[in-house]
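# Summary of the model geometry
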Amino acid sequence: MNDNEVLIKVENLHKYFDKLEVLKGINAEIRKGDVMVVIGASGSGKSTFLRCLNLLEEPTSGSIIFEGVDITDSKIDINKHRQKMGMVFQQFNLFNNKNVIENMTLGPIRLLKQNKNEARANAMRLLERVGLADKAYAYPSQLSGGQKQRVAIVRALAMNPDVMLFDEPTSALDPEMVGEVLDVMKQLAREGMTMVVVTHEMGFAREVGTEVVFVDEGVIVEKAPPKEFFENPKNPRLKDFLSKVL
Amino acid sequence: MNFLLPISTAVSAVAADAAESSGSDNFFSGLWNSFEKTFIYQDRWMFFLNGLWATLRIAFFAAILGIILGFLIAAVRSTYDLHLRGKKSRNFGHFMLKVLNVISNIYITIIRGTPAVIQVMIMYFIIFANSRNKELAAVLSFGINSGAYVAEIVRSGIMSVDKGQTEAARSLGFNYPGTMFLIVFPQAFKNILPALGNEFIVLIKETSVAAYVGIAELTYVGNLIRSRTWEAFFPLIAVALIYLAIVMLLSFLLKKLERRLRRSER
């Protein structure tokens, strides 16, 4: 099996919204270099699970151990640990009042204390990789959805994170723009980035996932490498789900 | 007068002349007379200038105080709404936030629920009863009043910024204050500028209430001269025109600022 070090270990994670229990005890391990793809019906808790990983949602109970530190502990400085966890959102969430290069250098300059030139050079390098160097001085309102999402990805990468969390990164995109974003993500996976991806893109899961998990009613009901996951699903709910989406 | 005209026409001409001279000469000389009484006699235009200066001073410092108070209150209220609404406080910081939120709510309720003129009178006759600093009483009173309205405007601005902006900044590792100052406030400010401008226009005109307690600002001066000259037209119209000019200038500047801020997006 994989003997790489465990990057994120989730133990018995529970999350309530008021009285509604959304996560009912999730256990998971994400190892360095893994691409964990999380799928499930809407309302199953998969996005909540992802958002708990960097504490955007505060877990009600359970622990999340990231690089050896339990980040659910209220005594730790979560902001320090978040710097190491990049996140990409369904709605892109680029800073509307800043242009592309400012979006990308704000964190590195303010938080990582990089000097301005270094941060800009690094941002330009990343923009070239995703084919958007010519948009460095554009504002978010001037970009297409696909371009926004690619910028959002490189904005997170500019912080040099150890893991990237993707929350349905292609769900808000027009169909013809899905490909350009998935290409960037595939390239990232091939370069060995550790990723947790909540998505409905089964092709992506099959192609680059190292592990696919199915979340249903707040628990992980199936977890397997993609080949086995798609060809030989065991859980009846998963079989039903796959028959609908494939 | 034409003495060669027949009597009957001459009589009617006299009547017409008299009517004309009292109608126009008297009217214009009367007008000049009251203008002279209002502005020139004893250098009364200086009164207006001093009154204007006092109005601008009071409005300016009250606006500054209003902005500071408004931002603080708005920060407390929106932080509370985002983090603590409906939750149990778990530590001392949460407890303090809860207390501050209650104080803020009481402040807004009282200030918005009572007339500005009563607030000025309370400040002037009760709190500043033993002080000679009339203008400070006015500045504090209008600043505290404006702060309540600014607070609600700023809060609406903070709420108008998409939650995703905050989440993106937090996910990069920015703390809550950093997120507010770098990401949320600049966008909120752009959204609330028209409402904020409106509030300052209201504030400038509301300072006229200070005349009620005898602070020598513009309205007071206009009324004072009206009572000395027994002429209402020039003092009151002049005061109205001066307020109008200030407000028009302010609106012009605000529109310019708004346009400049919008430019960064397009």
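Up top you'll find the structure we're talking about.
Summarised in this report is the structure supplied together with it. (Residues numbered from 1 in each chain as written. Chains lettered and ligands numbered in written order. Predicted model: local features only at pLDDT ≥ 70, side-chain atom pairs only at ≥ 80, totals over all residues. Heavy atoms only, no water.)

### With respect to the overall build of chain B
A count of helices and strands for chain B gives 9 helices and 0 strands. Put simply, chain B runs from its N terminus to its C terminus through helices and strands in the order α-α-α-α-α-α-α-α-α. Counting only residues that meet the buried cut, chain B has 39% of its 266 residues in that class. Contacts in chain B between residues far apart in sequence, at least 24 positions, make up 76% of those at least 6 positions apart. Of the roughly 15,200 Å² that chain B leaves accessible, carbon and sulfur atoms contribute 68%. (Helix = DSSP H or I, 4+ residues; strand = E, 2+ residues; numbered from the N terminus. Buried < 20%, exposed > 50% of the residue type's maximum accessible area, 1.4 Å probe, protein only. Contact = heavy atoms within 4.5 Å. Areas by Shrake-Rupley, 256 points an atom, 1.4 Å probe, with all protein chains shown as cover.)

### A look at the side chain of His-81 of chain A
Along the chain, the position of His-81 of chain A falls in helix 2 (residues 78-82). Those residues in contact with His-81 of chain A that sit more than four places away from it in its chain are Phe-66, Val-69, Ile-71 and Ile-76 of chain A.

### Quick look at the sheet that holds strand 4 (residues 61-66) of chain A
Taking strand neighbours across the sheet as the criterion, the 4 strands line up as 2-1-4-5 (chain A) in an open arrangement whose pairing is antiparallel. In the strand order of this sheet, the two ends are held by strand 2 (20-31) and strand 5 (69-70) of chain A, each with one partner. (Pairing = 2+ DSSP bridges.)

### Here's the deal with the interface of chain B and chain A
Counting residues at the interface gives 20 residues for chain B and 26 residues for chain A. Here chain B meets chain A over a buried area of about 2,100 Å², counting both sides, of which 54% is carbon and sulfur. At the boundary of chain B with chain A, the tally comes to 1 salt bridge. Here Glu-167 of chain B and Arg-51 of chain A are joined by a salt bridge, their closest N and O atoms 2.6 Å apart. Counting every contact that joins chain B to chain A gives 6 residue pairs in polar contact (both at pLDDT 80 or more). For the side of chain B that touches chain A, the secondary structure elements donating two or more residues are helix 6 (163-172) and helix 7 (176-206) of chain B. If one sorts the elements of the side of chain B that touches chain A by residue count, helix 6 of chain B sits on top with 8 residues. In the side of chain B that touches chain A, the residues fall into 7 nonpolar, 7 polar and 6 charged. (Buried area = accessible area lost by both parts, 1.4 Å probe. Salt bridge = Lys/Arg side-chain N within 4 Å of Asp/Glu carboxyl O. Polar contact = N/O pair within 3.5 Å; in protein donor to acceptor, adjacent residues only side chain to side chain. Nonpolar A, V, L, I, M, F, W, Y, C, P; charged D, E, K, R; others polar.)

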